[in-house]
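The chain contents come next:
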There are 2 protein chains.
Amino acid sequence: MEKLTIIKVGGKIVEEPDTLNRLLDDFAQLQGFKLLVHGGGRSATKIAAQLGIETQMIDGRRVTDEAMLRVVTMVYGGLVNKQIVAGLQKRGVNALGLTGADMNCMLAEKRPAQPVDYGFVGDVKKVDGAVLADLIDKNKVLVLAPLTHDGNGNLLNTNADTIAGEAAKALAEFFEVTLVFCFEKKGVLRDENNEDSVISHLTEKDFENYKAQKIISGGMIPKLQNAFEAIKAGVRRVVITKADDIGKNSGTKIE
Amino acid sequence: MEKLTIIKVGGKIVEEPDTLNRLLDDFAQLQGFKLLVHGGGRSATKIAAQLGIETQMIDGRRVTDEAMLRVVTMVYGGLVNKQIVAGLQKRGVNALGLTGADMNCMLAEKRPAQPVDYGFVGDVKKVDGAVLADLIDKNKVLVLAPLTHDGNGNLLNTNADTIAGEAAKALAEFFEVTLVFCFEKKGVLRDENNEDSVISHLTEKDFENYKAQKIISGGMIPKLQNAFEAIKAGVRRVVITKADDIGKNSGTKIE
């Protein structure tokens, strides 16, 4: 089975020219099949504000009314995605930007309005791994925006971590998948104030212990839950690391 | 050789929900292989204005500085393109939205700053007909945004008529191509005040005569020049018609 590396980077990295260029340089150097999933929330918030549209977040998630859906469609599907695609082409990487609506590759359903009405936010229902795998096999480097669709004409705003996890699971049938979540720190830390305290390997049992000890807390918990879920669904390896380190064999590994 | 219909629709049609839905209904009904090229200038102008960016047109063409490039990347590549893609998926059409940067399918060069500096505007240099044909053969319905790239990391704003013409020429090697330009009238008119005066067939000789008689003038001249150029490059047929009539055998035909 061929290897596939899926890199997920958040908005902060892809929205600043310097960090974006560094990321694209590093990504272009990665050997073998690869796929990039990006966020773009900061740009969306900024452009929404310029358009007089207020951003409302609940538990760190964007409430997406019709006006905000137009903004994220523009920003994620257009501005961020196409700038990345053009930047990768410059580096000789044959990129293809996609939303979940393109080729119906990621179908979702609108999240129920209860208990919280997030508006046009989608929970992934079905990923067409075969259609993605076929393009990857032809050396297309897919760049996935955090947008899905409901099959009924509506685009849906979808968390980029979820997009990456769902793509990884669907592609695990076709490739030996390594899923890399980039974030601000070098990995999951034993001591959040010490960047040298990266936990290099994490088992689910370790995870439960660290949670009980409150060494792992907050937003890292759902991220790691997703990671273990991906492993159970056939993903070979999940890595949590800093965007600067994607080419290195560092960070926290879950296998 | 299989038949391929390429439809080009301007911004006015795709930017109003009613006319867009009608177009997508009609487009979904078209038999055989098909491809859609869209504009989006009116939305770009509107959103630019909301962002405090002034639109400057010279001879009907948009001057595209860096700020305007961001706007057209958002609007053409994101908002308009992805809404069309989602709308086609709803209708069972397996659409895939592309800019020229995606899969390097349409490489352009920045237009020289002399005699007029249009900024980030691209003249198409090379279309990868094989990569487009391969997707079309697999029943993907390509939706092309009027954006190309220069291979050096820059997206470029490119006239949608040009995108349609260049795609048609590149695909003529693989398909029997009919290229349909939609505009506000039922076709090229003998009398611009009479919608029943459509010239049903137009030869290059007729065109020269009509030009001399000023029956054909203004923006129709470059459109028809493009049409004859496409025919010479192997496109089977060019049709100029109203968007409402794309499924009908009407309008002005050039063969």
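First, a word on what this report is: a plain description of the structure on this page. Values in this document were obtained by computation on a predicted structure and should not be read as measured data. Starting from 1, residues in each chain are numbered consecutively following that chain's sequence as written. Written order determines the labels here, with chains lettered from A and ligands numbered from 1. With the structure being a predicted model, the display of local features is reserved for residues of pLDDT at least 70 and the display and counting of side-chain atom pairs for 80 or more, all residues being used for whole-chain, interface and lining totals. No hydrogens and no water enter the side-chain calculation; it runs on all heavy atoms of the structure.

**Observations concerning the overall build of chain A**
Which entries qualify depends on this criterion: Counting from the N terminus, the helices are the DSSP runs of H or I reaching at least four residues and the strands are the DSSP runs of E reaching at least two. Each radius of gyration is computed over the set of C-alpha atoms, and the globule rule expresses the reference value as 2.2 Å times the number of residues to the power 0.38. Each residue is assigned to one of three classes by its accessible area relative to the maximum for its type, calculated with a 1.4 Å probe on protein chains only: buried under 20%, partly exposed between the two thresholds, exposed over 50%. Any two residues whose heavy atoms approach within 4.5 Å at even a single point are treated as in contact.
Helix and strand counts for chain A come out as eight helices and 13 strands. What you see for chain A is a C-alpha radius of gyration of 17 Å, in line with the 18 Å of a compact globule of 255 residues. Each principal axis of the C-alpha atoms in chain A carries an extent, and together these give about 45 × 40 × 35 Å. Counting the 255 residues in chain A, one finds 56% classified as buried. Summarising the internal contacts of chain A: among those between residues at least 6 apart in sequence, 67% fall at separations of at least 24.

**Here's the deal with the sheet that holds strand E1 (residues 3-9) of chain B**
All names here are of chain B. What counts, and what does not: Between any two strands, at least two bridges found by DSSP are needed for them to pair. Throughout, an axis means a line fitted to C-alpha atoms (over the contacting stretch in the case of helices), and angles, computed between N-to-C directions, take values from 0 to 180 degrees.
Spatially, the seven strands line up as an open sheet ordered E5-E8-E2-E1-E11-E12-E13, and their pairing is mixed. Edge strands, defined here as strands with exactly one partner in the open sheet, are strand E5 (95-98) and strand E13 (252-254). The sheet shows a mean angle of 20° between the axes of neighbouring strands, direction not considered. Both strand E11 (residues 176-183) and strand E12 (residues 237-242) contribute to a ladder of six bridges, which runs parallel. Within the sheet, the bridge partner assigned to Phe 183 lies in E12 and is Lys 242. Relative to the sheet, helix H4 (residues 66-90) contacts strand E2 (33-38), E5 and strand E8 (141-144), its axis offset from that of E5 by approximately 170°.

**As for the relation of the copies chain A and chain B**
Selection criterion: Only residues with pLDDT of at least 70 in both copies count here: their C-alpha atoms drive the least-squares fit that superposes the copies.
Turning chain A through 180° and shifting it by 0.0 Å along the axis lays it on chain B, with an RMSD of 0.0 Å. On the angle and the small slide along the axis, the relation comes out as a two-fold axis. The rotation axis passes nearest to the C-alpha of Gly78(A) in chain A, at a distance of 1.8 Å. A shared binding surface is used by both copies, with 100% of the interface residues of chain A retained as interface residues in chain B.

**Some remarks on the interface of chain A and chain B**
Threshold: What counts as buried area is the accessible surface, traced by a 1.4 Å probe, that two parts surrender upon association, with contributions from both included. By convention in these notes, a salt bridge is any Lys or Arg side-chain nitrogen within 4 Å of a carboxyl oxygen on Asp or Glu. By the criterion applied in these results, polar contacts are pairs of N or O atoms within 3.5 Å in which, for protein atoms, one can donate a hydrogen and the other can accept it, and in which residues neighboring in sequence qualify only through two side-chain atoms.
Chain A puts 37 residues into the contact, and the matching count from chain B is 37 residues. Of the roughly 2,900 Å² buried between chain A and chain B, counting both surfaces, carbon and sulfur atoms make up 67%. Across the contact surface, chain A and chain B share two salt bridges. When the shortest N-O distance is used, the salt bridge between Lys82(B) and Asp102(A) registers 2.9 Å. At the surface where chain A touches chain B, the tally comes to eight residue pairs in polar contact (both at pLDDT 80 or more). For the side of chain A that touches chain B, the elements supplying multiple residues, two or more each, are helix H3 (41-50), helix H4 (66-90), strand E5 (95-98) and helix H5 (129-137) of chain A. By residue number, the principal contributor to the side of chain A that touches chain B is H4(A), which donates 14 residues.

**Overview of helix H3 (residues 41-50) of chain B**
The condition is simple: Arc definition: directions from the helix axis to the C-beta atoms.
Burial in H3(B) covers these residues: Ser43(B), Ala44(B), Ile47(B) and Ala48(B). What you see down the axis of H3(B) is that its buried residues fit within an arc of 130°, all on one side. Of the residues in H3(B), the exposed ones pointing more than 90 degrees away from the buried face are Arg42(B), Lys46(B) and Ala49(B). Turning to H3(B), the residues buried within the fold contact H4 of chain A together with helix H1 (11-15), strand E4 (61-62) and H4 of chain B. Taken from the residues just after H3(B), Gly52(B) is the one with a positive phi, measuring 75°.

**Points about the sheet that holds strand E13 (residues 252-254) of chain A**
Residues and elements named next belong to chain A. Read from one edge of the open sheet, seven strands run E5-E8-E2-E1-E11-E12-E13, paired in mixed fashion. The open sheet has two edge strands with one neighbour each: E5 and E13. Averaged over all pairs of adjacent strands, the angle between their axes in this sheet comes to 20°, without regard to strand direction. One ladder, built from four bridges, connects E5 with strand E8 (residues 141-144); its direction is parallel. Residue pairing in the sheet places Leu 98 in a bridge with Leu 144 of E8.

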